[in-house]
Every structure is written in C-alpha cells, then in structure tokens.
Amino acid sequence: MIGLISATAAGAAARDRLAAAWPDRTRVYEGPVGDAVRAAFAECEQLVCFLATGAVVRLIAPLLGDKSADPGVVCVDEGGRFAVSLVGGHGGGANELTREVGELLGAEPVITTATDSVGLAGLDTLGLPVEGAVAAVSRALLDGEPVALEAELRWPLPALPVAAQGAYTIRVTDRAVEPREREVVLRPPSLVVGVGASKGAPVEEVLELVEGALRDAGLSPASLAELATVDAKADEPGIVRAAERLGVPLVTYPAEELAAVDVPNPSEAPLAAVGTPSVAEAAALVRGGELLVPKRKSAASPAMATCAVVRRPARGRLAVVGLGPGARDLLTPRAEAELRRASVLVGLDQYVDQIRDLLRPGTRILESGLGAEEERARTAVAEARKGQSVALIGSGDAGVYAMASPALAEASDDIDVVGVPGVTAALAAGALLGAPLGHDHVSISLSDLHTPWEVIERRVRAAAEADLVVTFYNPRSRGRDWQLPKALAILAGHREPATPVGVVRNASRPDESARVTTLAGLDPATVDMMTVVTVGNTATREIAGRMVTPRGYRWQEEPK
C-alpha cells in the first residue's frame, strides 16, 4: 500500500489525482502531517509526500531503521514539477515509484541512486536474493574496476559490465556458500523440491525433511523456486503449510502425467494410493532437470513424507521488441524496459543506432545490415538458448513485417518468448493523414523478395473487390518500380479516380512528410521504400485537408 500525505490545497489536489488513478494501491492519510507520516511509515510499503524534502527528512529521520525494511519514500513539490526518490530507492521501490508518479503527474523524476544515474542495473534490483558486499561491488562497477562474473549456473541477467577476472566478483550459484570478501552472491530460483506425504503428515515433518535435504546437499534455501506434488495432495495441510512457511508456491500435477516420468526409485505404495509409482521424484523431474537428491524419507517413524531435489536448467528469455516508427516518444515504456533488461541485443544496425543510448553498460550488441533478417532471428534464439536475456528489435511493431515471425518460427518451447508491441508505420502514417483507417482496412507489402507477385496481386484484387482501405508497405524501390503502378491500376478498376490517397514518408522522424492526393493524381515516382501509401475505400473523403474513412457507411448521408 502507498500512503499519501499532503499539507496544502495544492498538494492535496495532486494527492487526489494519484488516489483516483490508483484506488487499490493508495491510502490517503489526513490530520496533522507529523502524525500522518508516522502512521503511514508504520503501515505502508511506500509513501508519497507532497511536502518539501527538508520537511520530510526531519519527519522520517527518527523512524528510519534498516534500508532493507524501511518503506520507500517519494517527495513531490507542491508545484508538481519534480518527484524525488528520497529513501528506499531500490529496497523500498522508491525509484520505480518516482518514475510512475512523474509519468502520471507530469513531474520530472529525480533519482540520485548511483547505479540508476549511470544506467547500471542495481545488484539488489535483479529480482534475485543477494548476499555479500553489495555496496563494495556496486562501487567497483561504478568506478570501472574489473568485476568478474562467476556463473556456476547460467541465468538470464540484465547487462553488467563484467570482466573475465577482477578483484571483485559476482557469483551466481544455488549452493550454500558464504560470500567471500569483495563478492556478491546471487541466488537464482533453480531448485525444485518434489514432496509426497501421507494423509495428516505434520508440517514440521515436511519442513524438516525439505530443509534437511537442501542442507545435506549443500544447497541454499534461497534458491528454492517451488514445492511440487501430485494433484491428489494439493490440499494436504502439511504440504500446503510447508510451502507457505518456505515462501514458495505449491505446484501440482495429474497422477497420469507423473506416472509417465522415468524415475530411479519407483514404488508400489504411491501407485496404489494416488495412481503414480512416484510422487516426490516425478513431481520434481516432470519439467526436466538434474536430480540432485534422490527420494529420501523423513526421519519420523513411521515416515510420513518423502522428498527429492532437482536443479532445473535456466530458461533463456527472448523479447521481440517493436521500436515504433522512429520518434523516441513513440517508443513504449514497455519496450524501453525490455531494452534495459537485456544482456544481448540483436538488430539491424540502423535500428540499433536509434536506441543505443538506452542500453545498459555491458550490453552485448549483435548488429547486421539489411537482408540478414533470418540470420538475426537465428542468432537471437541461439543466444536465448544459452540462458541469456535477449532483445531482438524491429521497427514499428515487431510482429508486422518485422522480426517476430522469423524468430518464432525458429524458437521452440525451450525458451521464454515475450512480444512487445510497437506503433506500426500504418498507424503513424494514419495519424498524420487524419483517420484513413476508420473502417475495415488491410496492409499489403508490395515486396516480392519473399512472396511471389502472383500471390501479392491476388491479395490486392481481393482487397479492391472487398472495398477495403489498403496500406501499402515497401511500395517501391530502385529495383522494384513497376509493382506500385500495377497495384494502383487494380484498385482503380474498383474505385473512382478522385479516391483519396495518403502518402507519408518517414512518419514521426525529423524529415517526415505527409500529403493527401488522389488515386489518379499519385505519381509513383515520388514514392520510395521509406514511404507508406494508404488508398481509401469508396467511402473515404478528404475533409479540411485530412483523409477520413467513416466508421459506418451511413455516416454523413446527404440530407433528403
């Protein structure tokens, strides 16, 4: 919960805007400011104070304890010009909250955390349990000192400027090791414990068994991702409460699915009880991995619980990111976040140049020129299969004449794939022209490099006969100068010469141009590969210089 505190009418107005936008996330604290701050500090995970920073510093100073437990505090000046991350930037989430508040209120976010200021990923913001010399290693990264990465496990991390060797170390492991001096240990959620239990098994017996298995194998409980069992035990109190106390989810599987898993220690007892010869080992192994601890029984007599421990391999992550038509303010916040999350970026060289400044230090860039789309897709998938966090970029929306389709054709279910939508060229051009896409419409690429012209022509004819607004991508190049005239001729067989046509070049970029002409008046020689051509349907009109396709064909009927 976010506590909201203000002292003046101006602050209350901004406070109420946040409360209205986030009704389920916020709580307004009224009354004397000092009392409100103390109450919110004790009851909320975060605070937004519409007060001077000096006043907030004096109010919260006596309340501060441990930065890992204190709430994040954000200050907003009463003019609403700045949102300042005051304390708890990482641990309390104040930095991210500052960005959110700034976006909502139109305030400039002010973040002074050193790693955020220079674009480094904070070691305590990676979503993994972290131990050791976080401040010292972070300072070494900031100072450009060599920091080695010892990845005992491959895990998708954001970019970090690491070296092969160094006086400081970042170690990625699920083993129960103590951090060395000048070392940070990151604990990935790589361990799955399969659990079986008799009816009524005490939670203490299940917990002792699980914790003992991890301890004896030299594994860290901080890397425990989940407990797993058979569906029939989904409500077994001892297992349910053990998962709650360990702070991990309980995942269950049908008996028939577990029965199909090859295990080293099958048994007749669970087969008779729940329909599978193995619960603990099979539930741990059902999604693959390395069996670290075979089935073991609890120490009670009679034993009422069994468990097995598996290390699952890291799943690489591939984000297919649409960069939009080119303008930075049309790059979505989600796309920007994915670029900053990636440790490997794959893309066309000219697109990489557009967003190079957004990448974190240490990002590995794999760029290539025009015509290498399939190679880039294969490269991105191969890097993700190595356990990397990869961003594959394309212009507009990556799923529209861009990189999503070749990448997904190459990828299998051994990696996680995330699609990040972007503003397409058709949408950017349509916004400049007016509202040409107000009714049914279709996009057709006139490039026959990958699609036979016979197929393209058949699609153009179908769109013409269906009276659809048509947006032509890749309309004309120096080596392909006859396709656009041919497509326009097909449309002219079904539409009047005065049908509005929009011609937009480099939509949203500094040298953009947009004009409305007619089907008869368009000169194909003025069109190139950087141009989008939108041909209206029989209802499209030019109104006040804008191209408008009505939502319904009865719109603007002539008066009788």
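This text follows the structure it describes.
Heads up: these notes are all about the structure in this document. Numbering of residues starts from 1 in every chain and runs along the sequence as written. Restriction of local features to residues with pLDDT of at least 70 applies here, the model being predicted, together with a cutoff of 80 or more for giving and counting side-chain atom pairs; totals for whole chains, interfaces and linings are based on all residues. Heavy atoms throughout the structure, all of them, feed into the side-chain values; hydrogens and water do not.

**A few points about the sheet that holds strand 21 (residues 434-435)**
Selection rule: Pairing between strands is defined by DSSP: at least two bridges between them are needed. Helix numbering and strand numbering both begin at the N terminus, where a helix is a DSSP run of H or I of at least 4 residues and a strand a DSSP run of E of at least 2.
Pairing is mixed across the open sheet formed by three strands, whose spatial order is 21-28-27. The sheet is open, and its two borders are formed by strand 21 and strand 27 (541-543), each paired with just one other strand. Inspection of the sheet shows strand 27 paired to strand 28 (residues 546-548) by three bridges, in the antiparallel sense. Counted as the bridge partner of Ile543 is Arg546 from strand 28.

**Observations concerning the sheet that holds strand 13 (residues 250-253)**
Whenever strands of a sheet pair, they do so through backbone hydrogen bonds, lying parallel or antiparallel. Our working definition: Here an angle of 0 to 180 degrees is reported between the N-to-C directions of two axes, which are lines fitted to C-alpha atoms, with helices fitted over the stretch in contact. By definition, residues are in contact when any of their heavy atoms lie within 4.5 Å.
One open sheet accounts for five strands, arranged 13-12-11-15-14; its pairing is mixed. The sheet terminates laterally at strand 13 and strand 14 (290-297), the two strands that pair on one side only. Averaged over all neighbouring strand pairs, the angle between strand axes comes to 25 degrees, with direction disregarded. Relative to strand 15 (residues 305-311), strand 11 (residues 191-197) is paired through seven bridges, and the arrangement is antiparallel. Paired with Leu191 across the strands is Arg311, a residue of strand 15. Across the sheet, helix 7 (residues 203-216) touches strand 11, strand 12 (224-230), strand 14 and strand 15, and the angle it forms with strand 15 is around 35 degrees. Its contacts with the sheet put helix 8 (residues 237-246) on strand 11, strand 12 and strand 13, and the angle it makes with strand 12 is roughly 175 degrees.

**Here's the deal with unusual backbone geometry**
Note that the residue after Ser301, namely Pro302, is joined by a cis bond; omega there is 0 degrees. Unusually for a residue other than glycine, Asp467 sits at a positive phi of about 60 degrees.

**Thoughts on the packing of helix 1 (residues 9-21) against helix 4 (residues 94-105)**
Using the following cut-off: Each angle gets one of four labels, with under 35 degrees taken as roughly parallel, over 145 as roughly antiparallel, 65 to 115 as roughly perpendicular, and the rest as oblique. Nonpolar residues are Ala, Val, Leu, Ile, Met, Phe, Trp, Tyr, Cys and Pro. Charged residues are Asp, Glu, Lys and Arg, and all others, Gly as well, are polar.
The N-to-C vectors of helix 1 and helix 4 enclose an angle of 105 degrees; their axes lie 11 Å apart at closest approach. Taken together, the axes of helix 1 and helix 4 lie roughly perpendicular to each other. Residues Ala14, Arg17, Leu18 and Ala21 of helix 1 form the contact with helix 4, whose participating residues are Val101, Leu104 and Leu105. Looking at the contact of helix 1 with helix 4 residue by residue, the classes come out as six nonpolar, no polar and one charged.

**Here's the deal with the packing of aromatic side chains**
For clarity, the threshold we go by: Within 6.5 Å between ring centres, the rings of Phe, Tyr and Trp (the latter by its six-membered ring) count as paired, and their orientation is classed by plane angle as stacked under 30 degrees, edge-to-face over 60, tilted in between. Classification of residues uses two cut-offs on accessible area relative to the type maximum, computed with a 1.4 Å probe and protein chains only: under 20% is buried, over 50% is exposed, and between them is partly exposed. Our definition puts a charge over a ring when NZ of Lys or CZ of Arg is within 6 Å of the ring centre and also within 35 degrees of the ring normal.
Counted according to the given criterion, the structure contains two aromatic pairs. Plain terms: the ring middles of Tyr401 and Tyr473 are 4.7 Å apart, the flat faces sit at 50 degrees to each other, and that makes the pair tilted. Of the two residues, Tyr401 is situated in the loop between strand 19 (389-394) and helix 15 (404-410) and Tyr473 in strand 23 (residues 469-473); the sequence distance between them amounts to 72 residues. According to the relative accessible area criterion, Tyr401 is partly exposed, its value standing at 43%. In this structure Tyr473 comes out as buried when scored by relative accessible area, which is 10%. Here the aromatic rings of Trp453 and Trp482 are separated by 5.0 Å at their centres, their planes lie at 70 degrees, and the arrangement is edge-to-face. One end of the pair, Trp453, is in helix 17 (residues 453-465); the other, Trp482, is in the loop between strand 23 and helix 18 (483-492), with 29 residues separating them in the sequence. Lying across the ring of Trp22, Arg25 places its NZ or CZ 4.3 Å from the centre.

Interpretation note: all reported values are geometric properties and have no functional meaning in isolation.
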